[in-house]
Number of protein chains: 2
Amino acid sequence: MADETATTGLLGFKPQLVVPGMNAEAAVQFYKAAFGAKEVRRVAHPKRKAEQELPLILSAELKIGSSFLLVSDRFDDAGEDGSAVSRGGGILLRLEAEDVDAAMKKAVTAGAEIVGQVTEDEDGVHGKVRDPFGVVWAIAAVGKKCPEAEA
Amino acid sequence: MADETATTGLLGFKPQLVVPGMNAEAAVQFYKAAFGAKEVRRVAHPKRKAEQELPLILSAELKIGSSFLLVSDRFDDAGEDGSAVSRGGGILLRLEAEDVDAAMKKAVTAGAEIVGQVTEDEDGVHGKVRDPFGVVWAIAAVGKKCPEAEA
């Protein structure tokens, strides 16, 4: 009650750019050229990597100054909330939570709409809400590490 | 050449949500309720404050976990890039640069398009580009302080 932040255990968020047309790699190169971005981590989509010639980028983490930007290829299986992502110019905010279910519930109680139920996949435990101002928040479990991505 | 980041002197960026319909205050209240956001700074629009009953929010800075989100009312005089902001679901990325002109030039050379020429107003020195992936970046001078907003 006294400390709402403690209640939901939200650690912080990073903007995530979802790029259509297999252009995440081009976006990464652009941010390096335009803003001197450093790539600190990259995770390829494990399934698509095996099935397709071109590995899709699940998440490339860029550092620009002291800030982080995530860049991802858009997958077809993100379809249920695809329109929201497109409408949002491709940017969503990826929020790390200690308890994803609790954070989702609190957001919905405050007026957000669920656009992606809580699931667990190669990206960890995560759900997605759209807030009343059109911003899509991916709420993801804290501490999901991708060992193959640690350089 | 060896260190592109040093060349442009980019310190980092914060996502900025531009809210139409005078609803920035409602957005601030939502983020407090939904994510336990703390308001760490607020700057009202100095001109509008005098002219209108309801002071427009030039920038409210919220802290969610360890991250910062800027929330602003959308002004009519942001019209030249208004369509981009709308299309972007209201989110742009506000990048702090030591040299705004140099940072704008570098971004344009890399493929970005200028959607707001460099100007100096109550918000400091700033310009705006849209990158090839639809993201609008407000590039602003570092260290512009708003003394009245320091609590």
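**Considering the interface of chain A and chain B**
- With 43 residues of chain A at the contact, the number on the chain B side is 43 residues.
- In this assembly, chain A and chain B are joined by 0 salt bridges.
- Counting across the chain A and chain B interface gives 6 residue pairs in polar contact (both at pLDDT 80 or more).
- Every element with two or more residues in the side of chain A that touches chain B is listed here: α1 (4–8), β1 (10–19), α2 (24–35), β4 (67–73), β5 (91–97), α5 (100–110) and β8 (136–141) of chain A.
- Its residues assigned to classes, the side of chain A that touches chain B shows 27 nonpolar, 10 polar and 6 charged.

**Quick notes on the packing of α2 of chain A against helix α5 (residues 100–110) of chain B**
- For the pair α2 of chain A and α5 of chain B, interaxial distance at closest approach is 8 Å and the crossing angle is 145°. Classified by chirality, the crossing of α5 of chain B by α2 of chain A is right-handed. Of the residues in α5 of chain B, those in contact with F30, A33, A34 and F35 of chain A of α2 of chain A are K106, A107 and A110 of chain B.
- The residue inventory of the contact of α2 of chain A with α5 of chain B, partitioned by class, reads 6 nonpolar, no polar and 1 charged.

**Focus on the nonpolar core**
- Core analysis: the largest hydrophobic core is formed by 63 residues, its most contacted members being Y31, F35 and W137 of chain A together with Y31, F35 and W137 of chain B.
- Aside from chain neighbours lying at most four places away, what touches Y31 of chain A is L17, G36, A37, L62, L69 and V71 of chain A together with D131, F133, V135 and W137 of chain B.

**Observations concerning the relation of the copies chain A and chain B**
- Between chain A and chain B, the superposition needs a rotation of 180° and an axial shift of 0.0 Å, giving an RMSD of 0.0 Å. A rotation of that kind, with that shift, is consistent with a two-fold axis.
- Residue by residue, 100% of the interface of chain A is reproduced at the interface of chain B, so both copies engage with the same surface.

**With respect to helix α2 (residues 24–35) of chain B**
All names here are of chain B.
- Between its terminal C-alpha atoms α2 stretches 16 Å, which fits the 16 Å expected from 12 residues at 1.5 Å a residue.
- Among the residues of α2, those classed as buried are A24, A27, V28, F30, Y31, A34 and F35. Seen along its axis, α2 keeps its buried residues to an arc of 160°; they face one direction.

**Some remarks on the packing of aromatic side chains**
- Under the defined criterion, the tally for this structure stands at 16 aromatic pairs over all chains.
- Ring centres 6.3 Å apart and planes at 50° place the aromatic pair Y31 of chain A and F133 of chain B in the tilted group. With Y31 of chain A in helix α2 and F133 of chain B in the loop between β7 (124–130) and β8 (136–141), this pair bridges two chains.
- Measuring from centroid to centroid gives 5.5 Å for F13 of chain B and W137 of chain B, while their planes differ by 80°, and the two rings are edge-to-face. Remark: W137 of chain B occurs in strand β8 and F13 of chain B occurs in strand β1 (residues 10–19); sequence separation between them is 124 residues. By the burial criterion, F13 of chain B is buried, and W137 of chain B matches it.
- Feature note: the residues F13, F133 and W137 of chain A together with F30, Y31 and F35 of chain B constitute an aromatic cluster, connected by ring pairs.
- For K14 of chain A, the ring lying beneath its charged end belongs to F68 of chain A, and the centroid distance is 5.0 Å.

**Brief notes about the sheet that holds strand β3 (residues 57–64) of chain A**
Residue and element names in this part refer to chain A.
- The strand order across the open sheet built from 8 strands is β2-β3-β4-β1-β5-β8-β7-β6, with neighbouring strands paired in mixed fashion. With partners counted over all chains shown, the strands left at the sheet margins are β2 (38–44) and β6 (113–121), one partner each. Sheet twist, expressed as the mean angle between neighbouring strand axes with direction ignored, is 25°.
- Relative to the sheet, α2 contacts β1, β2, β3 and β4, its axis offset from that of β4 by approximately 155°.
- The strands touched by α5 are β1, β5, β6, β7 (124–130) and β8; relative to β7, the strand with the most contacts, the crossing angle is about 5°.

Conventions and cut-offs
Residues numbered from 1 in each chain as written. Chains lettered and ligands numbered in written order. Predicted model: local features only at pLDDT ≥ 70, side-chain atom pairs only at ≥ 80, totals over all residues. Heavy atoms only, no water. Contact = heavy atoms within 4.5 Å. Salt bridge = Lys/Arg side-chain N within 4 Å of Asp/Glu carboxyl O. Polar contact = N/O pair within 3.5 Å; in protein donor to acceptor, adjacent residues only side chain to side chain. Helix = DSSP H or I, 4+ residues; strand = E, 2+ residues; numbered from the N terminus. Nonpolar A, V, L, I, M, F, W, Y, C, P; charged D, E, K, R; others polar. Axes fitted to C-alpha atoms, helices over the stretch in contact; angles between N-to-C directions. Left-handed = near helix turned anticlockwise from the far one by under 90°. Core = buried A, V, L, I, M, F, W, Y, C linked by side-chain atoms within 4.5 Å. Buried < 20%, exposed > 50% of the residue type's maximum accessible area, 1.4 Å probe, protein only. Least-squares fit on C-alpha atoms with pLDDT ≥ 70 in both. Expected span 1.5 Å × (residues − 1). Arc of directions from axis to C-beta. Phe/Tyr/Trp six-rings, centres within 6.5 Å; stacked < 30°, edge-to-face > 60°. Lys NZ or Arg CZ within 6 Å of the ring centre and 35° of its normal. Pairing = 2+ DSSP bridges.

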